[in-house]
Amino acid sequence: MKFARVFTSLNNEFDEIYTSFIKLQPKLEKILDSDYFQDIQTCNADPMTCQSYVNKPMQRICKYKLLFEDILTNTQGTFEIPIVNRAVLQSRKILRKINGSLH
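Residues numbered from 1 in each chain as written. Predicted model: local features only at pLDDT ≥ 70, side-chain atom pairs only at ≥ 80, totals over all residues. Heavy atoms only, no water.

Draft legend 1. Up close: the overall build of the protein. When helices and strands are tallied, the protein shows five helices and zero strands. Relative to the globule expectation of 13 Å for 103 residues, the C-alpha radius of gyration of the protein, 17 Å, shows a markedly less compact shape. When its C-alpha atoms are laid out on the principal axes, the protein stretches across 55 × 30 × 20 Å. Sequence separation of 24 or more characterises 68% of the internal contacts of the protein that already satisfy a separation of 6 or more. Summed over all atoms, the accessible surface of the protein reaches about 7100 Å², with 58% contributed by carbon and sulfur. Each charge sign in the protein was given a centre, from 14 positive and 11 negative side chains, and these centres are 9 Å apart. (Helix = DSSP H or I, 4+ residues; strand = E, 2+ residues; numbered from the N terminus. Rg over C-alpha atoms; globule rule 2.2 N^0.38 Å. Contact = heavy atoms within 4.5 Å. Areas by Shrake-Rupley, 256 points an atom, 1.4 Å probe, with all protein chains shown as cover. Lys, Arg positive; Asp, Glu negative; His and termini not counted. Charge placed at Lys NZ, Arg CZ, Asp CG, Glu CD.)

Draft legend 2. Geometry of the packing of aromatic side chains. Under the counting rule described, the total for this entry stands at eight aromatic pairs. Relative to F68, the ring of F3 has its centre 5.5 Å away and its plane inclined at 20°; by these criteria the two rings are stacked. Of this pair, F3 sits in helix α1 (residues 2-9) while F68 sits in helix α4 (residues 50-74), and the two are 65 residues apart along the sequence. Here F3 falls in the partly exposed class, since its relative accessible area comes to 30%. Ring-pair connections join several aromatic residues into one group, and the members of that group are F3, F7, F14, Y18, Y64 and F68. (Phe/Tyr/Trp six-rings, centres within 6.5 Å; stacked < 30°, edge-to-face > 60°. Buried < 20%, exposed > 50% of the residue type's maximum accessible area, 1.4 Å probe, protein only.)

These figures capture arrangement, not role.
This is the structure we're talking about:
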(Lines give C-alpha, C1' and ligand atoms only; values in the text may rest on other atoms or scores of the structure.)
Protein backbone atom coordinates (compact mmCIF):
# COMPACT_ATOMS: atom_id res chain seq x y z
CA MET A 1 0.00 0.00 0.00
CA LYS A 2 2.86 2.36 0.75
CA PHE A 3 4.25 1.86 -2.73
CA ALA A 4 0.88 2.81 -4.24
CA ARG A 5 0.96 6.00 -2.18
CA VAL A 6 4.50 6.80 -3.35
CA PHE A 7 3.64 5.93 -6.95
CA THR A 8 0.61 8.21 -7.00
CA SER A 9 2.39 11.07 -5.28
CA LEU A 10 5.32 10.87 -7.73
CA ASN A 11 3.20 10.09 -10.79
CA ASN A 12 4.50 13.00 -12.86
CA GLU A 13 8.09 11.99 -12.15
CA PHE A 14 7.44 8.33 -13.04
CA ASP A 15 5.70 9.43 -16.23
CA GLU A 16 8.51 11.78 -17.26
CA ILE A 17 11.33 9.35 -16.45
CA TYR A 18 9.77 6.33 -18.14
CA THR A 19 8.63 8.24 -21.22
CA SER A 20 12.06 9.84 -21.67
CA PHE A 21 13.81 6.52 -21.20
CA ILE A 22 11.59 4.72 -23.68
CA LYS A 23 12.15 7.42 -26.28
CA LEU A 24 15.90 6.87 -25.91
CA GLN A 25 15.66 3.09 -26.15
CA PRO A 26 16.24 2.84 -29.95
CA LYS A 27 19.45 4.87 -29.57
CA LEU A 28 20.54 2.71 -26.65
CA GLU A 29 19.91 -0.45 -28.66
CA LYS A 30 22.02 0.89 -31.50
CA ILE A 31 24.86 1.71 -29.11
CA LEU A 32 24.62 -1.68 -27.42
CA ASP A 33 24.90 -3.41 -30.80
CA SER A 34 28.30 -1.81 -31.33
CA ASP A 35 31.46 -3.90 -31.28
CA TYR A 36 32.56 -2.17 -28.07
CA PHE A 37 29.59 -3.43 -26.08
CA GLN A 38 29.72 -6.82 -27.77
CA ASP A 39 33.33 -7.16 -26.54
CA ILE A 40 32.32 -6.10 -23.03
CA GLN A 41 29.53 -8.66 -23.03
CA THR A 42 31.92 -11.38 -24.16
CA CYS A 43 34.35 -10.57 -21.33
CA ASN A 44 31.61 -10.08 -18.75
CA ALA A 45 30.80 -12.89 -16.34
CA ASP A 46 27.26 -11.51 -15.90
CA PRO A 47 24.72 -13.83 -17.54
CA MET A 48 22.44 -10.86 -18.33
CA THR A 49 23.17 -8.97 -21.50
CA CYS A 50 23.46 -5.19 -21.62
CA GLN A 51 20.20 -5.24 -23.56
CA SER A 52 18.53 -7.03 -20.64
CA TYR A 53 19.43 -4.15 -18.36
CA VAL A 54 17.99 -1.66 -20.85
CA ASN A 55 14.74 -3.65 -20.99
CA LYS A 56 14.32 -3.81 -17.20
CA PRO A 57 12.60 -0.42 -16.74
CA MET A 58 9.92 -1.26 -19.32
CA GLN A 59 9.34 -4.65 -17.72
CA ARG A 60 9.16 -2.99 -14.32
CA ILE A 61 6.45 -0.48 -15.25
CA CYS A 62 4.36 -3.35 -16.63
CA LYS A 63 4.82 -5.20 -13.36
CA TYR A 64 3.76 -2.13 -11.35
CA LYS A 65 0.41 -2.14 -13.13
CA LEU A 66 -0.06 -5.86 -12.47
CA LEU A 67 0.95 -5.44 -8.83
CA PHE A 68 -1.54 -2.64 -8.25
CA GLU A 69 -4.31 -4.58 -9.98
CA ASP A 70 -3.52 -7.64 -7.87
CA ILE A 71 -3.56 -5.58 -4.66
CA LEU A 72 -6.86 -4.04 -5.68
CA THR A 73 -8.38 -7.45 -6.45
CA ASN A 74 -7.20 -9.02 -3.20
CA THR A 75 -7.80 -6.13 -0.81
CA GLN A 76 -11.20 -5.46 0.66
CA GLY A 77 -12.52 -3.05 3.23
CA THR A 78 -9.48 -0.85 3.60
CA PHE A 79 -9.37 2.91 3.42
CA GLU A 80 -6.45 2.75 0.98
CA ILE A 81 -8.42 1.23 -1.90
CA PRO A 82 -8.87 4.65 -3.58
CA ILE A 83 -5.09 5.17 -3.52
CA VAL A 84 -4.44 1.75 -5.06
CA ASN A 85 -7.17 2.36 -7.64
CA ARG A 86 -5.50 5.66 -8.55
CA ALA A 87 -2.15 3.83 -8.88
CA VAL A 88 -3.79 1.32 -11.26
CA LEU A 89 -5.21 4.13 -13.38
CA GLN A 90 -1.96 6.09 -13.41
CA SER A 91 0.15 3.06 -14.31
CA ARG A 92 -2.24 2.27 -17.19
CA LYS A 93 -1.97 5.87 -18.37
CA ILE A 94 1.84 5.72 -18.33
CA LEU A 95 1.78 2.43 -20.27
CA ARG A 96 -0.58 3.86 -22.89
CA LYS A 97 1.68 6.89 -23.26
CA ILE A 98 4.74 4.68 -23.62
CA ASN A 99 3.02 2.43 -26.15
CA GLY A 100 1.98 5.52 -28.11
CA SER A 101 5.54 6.80 -28.21
CA LEU A 102 6.79 3.45 -29.55
CA HIS A 103 4.56 3.50 -32.61
